[in-house]
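Each chain is listed here by its residues.
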Amino acid sequence: MVRTLAIAILATGIMSLPAVAAEKYWVARDAVSKQCEIVTKKPDGTLVVDLGKKTYPSEGEARKAMEARADCKNK
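Residues numbered from 1 in each chain as written. Predicted model: local features only at pLDDT ≥ 70, side-chain atom pairs only at ≥ 80, totals over all residues. Heavy atoms only, no water.

Chemist: In this structure, what is going on with the state of the cysteines? I would like to understand it.
Modeler: Scanning the model with the defined rule gives one disulfide in all. Note on cysteine connectivity: Cys36 is disulfide-linked to Cys72, with sulfurs 2.1 Å apart. Taking the torsion about the sulfur-sulfur bond, which here is approximately -80°, the covalent link between Cys36 and Cys72 counts as left-handed. Placement of Cys36 in strand β2 (residues 36–39) and of Cys72 in the segment after α2 (59–68) is noted, with a sequence separation of 36 residues between them. Since its relative accessible area comes to 18%, Cys36 is described here as buried. For Cys72, a relative accessible area of 13% corresponds to the buried category. (Disulfide = S-S within 2.5 Å. Helix = DSSP H or I, 4+ residues; strand = E, 2+ residues; numbered from the N terminus. Buried < 20%, exposed > 50% of the residue type's maximum accessible area, 1.4 Å probe, protein only.)

Chemist: Looking at this model, I keep getting lost on the pattern of salt bridges. Mind explaining?
Modeler: It is possible for side chains bearing opposite charge to pair when their charged atoms get close. Under the definition given, this model contains three salt bridges. Of the charged contacts, one joins Arg69 and Asp71 as a salt bridge, the two residues approaching to 3.1 Å between their closest N and O atoms. Overall, the relative accessible area of 29% leaves Asp71 in the partly exposed class. One salt-bridge network, held together by shared partners, links Arg29, Arg69 and Asp71. (Salt bridge = Lys/Arg side-chain N within 4 Å of Asp/Glu carboxyl O.)

Chemist: For this particular structure, what's the right way to read the sheet that holds strand β1 (residues 25–30)?
Modeler: Think of a sheet as strands paired side by side through backbone hydrogen bonds, with each pair either parallel or antiparallel. Judged by pairing direction, the sheet is antiparallel, and its three strands sit side by side in the order β2-β1-β3 without closing on themselves. Either end of the sheet is taken by a strand with one partner, and the two such strands are β2 and β3 (48–56). Neighbour to neighbour, the strand axes of the sheet diverge by 25° on average, direction disregarded. With four bridges connecting them, β1 and β2 associate as antiparallel partners. Residue pairing in the sheet places Arg29 in a bridge with Cys36 of β2. Sitting on the sheet, α2 touches β1, β2 and β3, and the angle it makes with β2 is about 160°. (Pairing = 2+ DSSP bridges. Axes fitted to C-alpha atoms, helices over the stretch in contact; angles between N-to-C directions. Contact = heavy atoms within 4.5 Å.)

Chemist: Looking at this structure, I do not really get the nonpolar core. What am I missing?
Modeler: For soluble globular proteins, the rule of thumb is that nonpolar side chains tend to be buried together. With nine residues, the main nonpolar core is built from Tyr25, Val27, Cys36, Leu51, Tyr56, Ala62, Ala65, Met66 and Cys72. Listed by contribution, the elements that provide at least two residues to this core are β1, β3 and α2. Counting residues per element, this core draws most heavily on α2, at three residues. Residues within four places of Met66 in sequence aside, it is in contact with Val27, Cys36, Glu37, Ile38 and Cys72. (Core = buried A, V, L, I, M, F, W, Y, C linked by side-chain atoms within 4.5 Å.)

What follows is the structure, encoded as C-alpha cells:
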C-alpha cells in the first residue's frame, strides 16, 4: 500500500516537471516609471506595456533582448 502510494506520488511529480519548466518571459515597460523589466506574466497593456510582442524561453534570453532594445537603455 505504501509502496503504491509512493510510486503514484513520484509519477505525479515527474509528470508535472515540464509544466513548471515551461515558463515564459516577456520584456515589458512599466507605464508609470518607464523602466524596462522582465516579467513572467503576459503584460496587460495598462500598467505594464509589452515591448516587441515576443516571449522568451529563459530569463537570460529576455535580459539580452531587453539590453539590446534602444528604448530600454538607461539614460
